[in-house]
Amino acid sequence: MLSPSARFSALALLAIVAPATIVAVLGYVSIRQWEASSELLYREQARDMAAMAAEKVEMTLRRSEDAFLDRVQAALRSDASPQHAVDDVLAGSPLIRRLYLVGAKGELIYPRAWQDGDQAVFGPLLSESAVRRLARDGKREVIANNQVCLALLTGRSGEPVVAAFVRDPDTLRREILEATLGTLESSTIIAVLDHEGRTVYSRAPIGEAQRLLSVGFREGLPDWRLAVYQTPAGSPRQAVRRQVMLFTAALGVLVAVIVAGIVMTWRLMRRETEMARLKSDFVANVSHDLKTPLSVIRMFGETLEMGRVTDEGRRQEYYRVITREGERLSRLIDNVLDFSRIEGGRQTYDMAPTPVEPLIRSTLEAFAYPLAQQGFKVEVSVAPDLPDVTMDADAVGQALTNLIDNAIKYSADDRSLTVDARVADGRLVVAVSDRGLGIAPEEQAKIFEKFYRVGRSDTQGRRGSGVGLALVRHVAEAHGGDVVVESTPGAGSRFTVSLPLGGA
Ligand code: ADP
């Protein structure tokens, strides 16, 4: 069978571990799902964005080239020898680096001659059959790795003229790619790769970024691709990781709060259990302490009543025992009653200036018989010119009684009791010392707690209720003073009560 606190610990553990595990598992599963769906969404969005960007590049490029071709076409129409007009058009079109105009039979219309071996590149493209095919399909074409573009125009009298031109890569990068892609709002990096996969343009340095996807351009830049790169910081995985960290931290805080709550409850419960044990000890101790003197009184009373004791000396002895036990009973009952008044907040103190020495002497007088009988060496030293001190004489007398009672009760072989009183630092200081059992240092703070008795078994044989010192402390504090103990196990103890001279 588990003890109540072990049962509580097991339950508490279950109460934390079970919900925390459920929350953690649910959180993990939902974050995983969220991660998967957000990644998918992210990819879809990136793909849409890339397709849109590619389309935009194509449109811009086409628009510029169309405008250029329109101007060339106009020059062709207006002039039989269009050299100058086309020169002007070329000068105003930085995107076009070089232009050749070729007639249907492959004859060069513009410029007057081929430049630097261009014929080797352009010649085959502008063969009669190529021109015929272009005329038939009526389209523009980009060939030779996006290098050469072909377009069909018409001459002055409607004959077909093929325009072959080469784009200027710098202008293409600056005025088409940069101008269209540089303004896009996105956390990703967009780059344009050429037919060999080399980066022609990128909106930001690619560095550590990972390629997410790429889409191809259509007819304007057929072999080139637009690629989307993902920076580590902008990836959805990073966002998920941040969420996981946040979630873990929140769960950690939650568990810490639950654990703290349970620890506090557990400590409270342990204190309550300890208090309940002390209280039941207290009841047993008080009952025993009440019974012992009562049975002694009854036994001696009955013996005397029966007239069996004829010897006067013994009779006197019996009377003394009855008186002494009666005094013990009153002390005990006073203690318990005062204690219950203090606990119930009903204790009141009657303060009046009181001479100290008579109070000490009368208190000691009550112990004259046990002190003499047990062979105590008693020393009282009261400073001669002690002033009257404002106090509740009964309460302080009772506190002294408890201290003297303890000094007798917890004595050992060296039976010695010293009471001294003096004024120090504007306070009345009364100390009760013995050379008895002493108190271990770790117990010294606890003995002033209610019901507390050192070691239970150690003090067995010396009965007590465990409220005596609690009462002393209460009385001292109610007078605005305090009580301290100095003690060495095996050498004795010294309890010092100090009270302000003028009362609280
Ligand atoms: P009790 O009724 O047990 O004497 P007290 O409150 O008076 O209760 O004292 C609490 C505990 O302090 C005692 O159980 C005892 O162990 C210890 N104690 C008190 N006075 C002395 C003393 N003079 N010498 C040794 N131990 C003492």
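Going by the structure above, here's the rest.
Residues numbered from 1 in each chain as written. Predicted model: local features only at pLDDT ≥ 70, side-chain atom pairs only at ≥ 80, totals over all residues. Heavy atoms only, no water.

### Observations concerning the overall build of the protein chain
Under the convention used in this document: Only DSSP runs of H or I covering at least 4 residues are called helices, and only runs of E covering at least 2 are called strands; the numbering of each starts at the N terminus. Only C-alpha atoms enter the radius of gyration, while the globule expectation follows 2.2 Å times N to the 0.38, with N the number of residues. Accessibility here uses a 1.4 Å probe with only protein chains present; expressed as a share of the type maximum, an area under 20% marks a residue as buried, one over 50% as exposed, and anything in between as partly exposed. We call two residues in contact when some of their heavy atoms are within 4.5 Å. Every accessible area reported is derived by Shrake-Rupley at a probe size of 1.4 Å, with residue values counting cover from the shown protein chains alone. Charged residues are defined here as Lys and Arg on the positive side and Asp and Glu on the negative side; His and the ends of the chain fall outside this count. Note on charges: their place is set at NZ of Lys, CZ of Arg, CG of Asp or CD of Glu.
Along its length, the protein chain carries 11 helices and 16 strands. Since a compact globule built from 504 residues should have a radius of gyration of about 23 Å, the 54 Å found for the protein chain marks it as more spread out than a globular shape. Expressed as lengths along the three principal axes of its C-alpha atoms, the size of the protein chain is roughly 170 × 55 × 40 Å. Burial analysis of the protein chain (504 residues in total) assigns 39% to the buried set. In the protein chain, the proportion of contacts linking residues at least 24 apart, taken out of those at least 6 apart, comes to 66%. Accessible area of the protein chain: about 27,700 Å², with a carbon and sulfur share of 56%. For the protein chain, the distance from the average position of its 61 positive side-chain charges to the average position of its 64 negative side-chain charges is 5 Å.

### Describing helix α3 (residues 118-125)
Cut-off, in case you're wondering: Note that the arc is defined by the directions from the helix axis to the C-beta atoms.
Of all the residues in α3, the buried ones are D118, F122 and L125. Down the axis of α3, the buried set is contained in an arc of 60°. They therefore lie on one face. Exposed side of α3, more than 90 degrees from the buried face: A120 and P124 are the residues found there.

### Some thoughts on the sheet that holds strand β11 (residues 377-382)
As a general point, the strands of a sheet are linked pairwise by backbone hydrogen bonds and lie either parallel or antiparallel. For clarity, the threshold we go by: What makes two strands pair is DSSP finding at least two bridges between them. For every element, the axis is a line fit to its C-alpha atoms; helices are fit only across the contacting stretch, and the angle between N-to-C directions ranges from 0 to 180 degrees.
With mixed pairing, 5 strands are arranged side by side in an open sheet as β11-β13-β14-β16-β15. Where the open sheet ends on each side, the last strands, each with one partner, are β11 and β15 (482-488). With strand direction ignored, the average angle separating the axes of adjacent strands in the sheet is 15°. With 7 bridges connecting them, β15 and strand β16 (residues 492-500) associate as antiparallel partners. Residue pairing for β16: T488 is matched across the bridge by G492.

### Considering the site of the ligand
Definition in use: A cutoff of 4 Å decides nearness: a residue is near a molecule or strand if any of its heavy atoms lies inside that distance of it. Whenever two N or O atoms come within 3.5 Å, that pair is a polar contact, provided that in protein one can donate a hydrogen and the other can accept it, and provided that, for residues adjacent in sequence, both atoms are side-chain atoms. Here the nonpolar group is Ala, Val, Leu, Ile, Met, Phe, Trp, Tyr, Cys and Pro; Asp, Glu, Lys and Arg are the charged ones; every other residue, Gly included, is treated as polar.
Neighbouring the ligand are 19 residues, the closest being N406, Y410, R453, S465 and L469. Take R453: an N or O atom from its side chain is 2.5 Å from an oxygen atom of the ligand. The backbone of V454 places a nitrogen or oxygen atom 3.5 Å from an oxygen atom of the ligand. Taking 530 Å² as the accessible area of the ligand by itself, protein coverage stands at 97%. Taken together, the elements giving at least two residues each to the shell around the ligand come down to α10 (393-409), α11 (468-478) and β16. Taken together, the residues of the shell around the ligand sort by class into 8 nonpolar, 8 polar and 3 charged.

### Here we look at the packing of aromatic side chains
Our working rule: Geometry of aromatic contacts follows a simple scheme: Phe, Tyr and Trp rings, the Trp one being its six-membered ring, pair when their centres are within 6.5 Å, and the pair is stacked under 30 degrees between planes, edge-to-face over 60, tilted otherwise.
Enumeration according to the criterion identifies 7 aromatic pairs in this entry. When the centroid spacing of 5.5 Å and the interplanar angle of 70° are considered together, the rings of F339 and F451 count as edge-to-face. On the criterion of sequence distance, the pair formed by F339 in helix α7 (residues 312-343) and F451 in the loop between β14 (427-434) and α11 is long-range, its members being 112 residues apart. The residues F339 and F451 share a single accessibility class, namely buried. Plain terms: the ring middles of F448 and F495 are 6.2 Å apart, the flat faces sit at 75° to each other, and that makes the pair edge-to-face. Residue F448 is located in the loop between β14 and α11, and its partner F495 is located in strand β16; the two are separated by 47 residues in the primary sequence.

### Structural notes on the packing of α7 against α11
Cut-off, in case you're wondering: The cut-offs work like this: below 35 degrees is roughly parallel, past 145 is roughly antiparallel, 65 to 115 is roughly perpendicular, and the gaps in between are oblique. In this scheme the crossing of two helices becomes right-handed for a clockwise turn of the near helix relative to the far one and left-handed for an anticlockwise turn of less than a right angle.
At a closest axis distance of 10 Å, the pairing of α7 and α11 adopts a crossing angle of 55°. Taken together, α7 and α11 sit at an angle that is classed as oblique. Judged by the twist between their axes, the crossing of α7 over α11 is left-handed. When α7 is examined against α11, the residues N335, D338, F339 and I342 are found in contact with a partner set consisting of G468, L471 and H474. Partitioned by chemical class, the residues of the contact of α7 with α11 number 3 nonpolar, 3 polar and 1 charged.

### Overview of unusual backbone geometry
With an omega of -15°, the peptide bond between Y110 and P111 qualifies as cis. Among the secondary structure elements, P111 is positioned in the loop between β2 (108-110) and α3. Even without being glycine, D425 reaches a positive phi, approximately 50°. By secondary structure assignment, the location of D425 is in the loop between β13 (416-424) and β14. Despite not being glycine, F451 shows a phi value in the positive range, around 70°.

### A word on the pairing of strand β4 (residues 148-154)
For β4, the buried fraction is high: 5 of the 7 residues fall into the buried class. Relative to strand β5 (residues 160-167), β4 runs antiparallel, the two being bridged by 7 bridges. When the sheet's bridge partners are listed, A151 is paired in β5 with A163.

### Details of empty space enclosed by the protein
Rules: The rule is simple: put a 1 Å grid over the protein atoms alone, call a set of points where a 1.4 Å probe fits but cannot get out a cavity, call an open set with protein on both sides within 12 Å along at least five of seven lines a pocket, and count a residue as lining if it has an atom within 4 Å of a point. Grid points are joined across faces, edges and corners, and a volume is the space filled by probe spheres set on the points.
Evaluated as defined, the whole model comprises 2 cavities of 30 Å³ or more. Its boundaries defined by the atoms lining it, the largest cavity holds a volume of some 110 Å³. In this structure, the largest cavity is lined by 16 residues; those nearest its centre are V396, L400, V430, V497 and L499. Of all the secondary-structure elements, those providing two or more residues to the lining of the largest cavity are α8 (356-365), α10, β14, α11 and β16. When residues of the lining of the largest cavity are assigned to their parent elements, the largest contribution, 4 residues, is made by α10. Residues belonging to the lining of the largest cavity are distributed by class as follows: 16 nonpolar, no polar and no charged. What lines the second largest cavity is simply D338, I342, Q347, Y349, A395, Q398, L471 and V475. Listing elements by their share of the lining of the second largest cavity, those giving two or more residues are α7, α10 and α11. Per-class residue counts for the lining of the second largest cavity are 5 nonpolar, 2 polar and 1 charged.

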